[in-house]
Amino acid sequence: MNDETVYKAQARATNSRSLTRPAALLVIGGAILLIASLSGMPLLEIFAPLLFIGGFGALLLLPSYRATADNPTQFGFLAVPGAFFLTVGVILSALIAFNRPEALAYVWTFLPISAMAGIMYWKRFEAEHTVHAFGQKFIRLFFYLFLGLGLFFELLIFESLGPWWPLLLIAAGLYLFWQDRRRVK
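Only a predicted model underlies this, so the values are computations on that prediction, with no experimental measurement involved.

Caption draft 1: Just the overall build of the chain, in detail. Each helix and strand counted, the chain has eight helices and zero strands in total. When the 185 residues of the chain are sorted by exposure, 19% land in the buried category. Residue pairs in contact within the chain that sit at least 24 positions apart in sequence constitute 61% of those at least 6 positions apart.

Have a look at this one:
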C-alpha cells in the first residue's frame, strides 16, 4: 500500500466525519423547533435568556477562565461583558419563570454588581490591585440597594406579601428582643 492510497483513505474518512455533527445538530434543532411550534411553546421566552447565558456570557468569560497567574490572557477584559450578559440571562430567565416582569424595578441592581464582579475576576491574579477592596464595597452597596428596593417595591408598591409583611416585622422585632435579652444575661 503506497502513501497516496493511505492519504486518500484518510481524506475520505475526514470528509465523511466532518458532516456528521452539523447534520445531527440540524436534525436535532429542527426536531426541537418543530415540537415547540406544534405545541405552541413561546420560543423567544425560552431561547433569549439561554442566548445571553450561553451564547454571550459563557463564551466571553472563557478566556479569563482559562487564564492562570503564569499564563495570563490579553482577552481577560472580556470577563466584564461576559459577567454582565450572564447576569442578564439569569435575570430574564427568573423573570420569565416566575412571571414577575415588574421585579425588574429592583433586580437591575445586579447588573452593576455583575460588571464589578467581572472586573474583579479579570484582575484576580493581581492581589494588590485596588479594584478588590473597592469592588467588595461596591458590591455590598448595590446588594443593600437591591434589598432596600426589593422591600420597598414588594411591600408598598406591588403589595405582594399582603398581610404577611406586618407579621414578618413583628417576628423580626420579637427576635431582636429575644437576642437582646439573651445578651444581657
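Caption draft 2: Spatial organisation of the packing of helix α4 (residues 79-97) against helix α6 (residues 110-122). In contact at an axis separation of 7 Å, α4 and α6 are set at 145° when each is read in the N-to-C sense. Considering how the two elements wind past one another, α4 and α6 form a crossing that is right-handed. Contact residues: α4 offers Ala79, Val80, Ala83, Phe84, Thr87, Val88 and Ile91, while α6 offers Phe110, Leu111, Ser114, Ala115, Gly118, Ile119, Tyr121 and Trp122.

Caption draft 3: Local environment of the packing of aromatic side chains. Here the structure, examined in full by the defined rule, presents twelve aromatic pairs. Among the aromatic residues, those joined into a cluster by ring pairs are Tyr106, Phe110, Phe143 and Phe146. In this structure, Lys123 is placed above the aromatic ring of Trp122, and the distance from its NZ or CZ to the ring centre is 4.2 Å.

Caption draft 4: Molecular detail of unusual backbone geometry. Positive phi, close to 50°, is recorded for Asn99, a residue that is not glycine. Structurally, Asn99 is set in the loop between α4 and α5 (104-107).

Caption draft 5: Region of interest: the side chain of Ser64. Positionally, Ser64 belongs in helix α3 (residues 43-66). Residue Ser64 is classed as buried on the basis of its relative accessible area, which comes to 2%. Those residues within four positions of Ser64 in sequence are excluded, and the remaining contacts are Thr73, Gly76, Ala79, Tyr121, Trp122 and Arg124.

Caption draft 6: Fine view of the nonpolar core. Core analysis: the biggest nonpolar cluster contains eight residues, these being Ile91, Leu95, Ala103, Tyr106, Val107, Phe146, Leu149 and Phe153. When contributions to this core are tallied by element, the ones reaching two or more residues are α4, α5 and α7 (130-157). If one sorts the elements of this core by residue count, α7 sits on top with three residues. Not counting residues within four places of it along the chain, the set of residues in contact with Ile91 comprises Leu104, Val107, Phe110 and Leu111.

Caption draft 7: Representation of a nonpolar patch on the surface in the model. A grouping of Ile28, Ile32, Leu33, Met41, Ile46, Phe47 and Leu50 is seen on the molecular surface, where their side chains present a nonpolar patch of about 610 Å² in accessible area. Secondary structure elements with two or more residues in the nonpolar patch: α2 (20-39) and α3. In this structure, Ile32 sits in helix α2.

Caption draft 8: Here's a closer look at the pattern of salt bridges. Applying the stated rule across the entire model yields three salt bridges. Here Glu126 makes a salt bridge to Lys123, at a shortest N to O gap of 3.8 Å. Note on Glu126: relative accessible area 37%, which makes it partly exposed. You can call Lys123 buried: its relative accessible area is 17%. Here the salt bridges do not stand alone but share partners, grouping Arg100, Glu102 and Glu154 into one network.

Caption draft 9: Representation of the packing of α6 against α7 in the model. At a closest axis distance of 9 Å, the pairing of α6 and α7 adopts a crossing angle of 165°. Comparing the axis directions of α6 and α7 gives the class roughly antiparallel. Here the hand of the crossing between α6 and α7 comes out left-handed. Contacts between α6 and α7 involve Phe110, Pro112, Ile113, Met116, Ala117, Ile119 and Met120 on the former and, on the latter, Val131, His132, Phe134, Gly135, Gln136, Phe138, Ile139, Phe142, Phe143 and Phe146.

The rules behind these values
- Residues numbered from 1 in each chain as written.
- Predicted model: local features only at pLDDT ≥ 70, side-chain atom pairs only at ≥ 80, totals over all residues.
- Heavy atoms only, no water.
- Helix = DSSP H or I, 4+ residues; strand = E, 2+ residues; numbered from the N terminus.
- Buried < 20%, exposed > 50% of the residue type's maximum accessible area, 1.4 Å probe, protein only.
- Contact = heavy atoms within 4.5 Å.
- Axes fitted to C-alpha atoms, helices over the stretch in contact; angles between N-to-C directions.
- Left-handed = near helix turned anticlockwise from the far one by under 90°.
- Phe/Tyr/Trp six-rings, centres within 6.5 Å; stacked < 30°, edge-to-face > 60°.
- Lys NZ or Arg CZ within 6 Å of the ring centre and 35° of its normal.
- Core = buried A, V, L, I, M, F, W, Y, C linked by side-chain atoms within 4.5 Å.
- Patch = residues over 30% accessible without salt bridge, like charges linked within 9 Å, V, L, I, M, F, W, Y side chains within 5 Å.
- Areas by Shrake-Rupley, 256 points an atom, 1.4 Å probe, with all protein chains shown as cover.
- Salt bridge = Lys/Arg side-chain N within 4 Å of Asp/Glu carboxyl O.
- Parallel < 35°, antiparallel > 145°, perpendicular 65-115°, else oblique.

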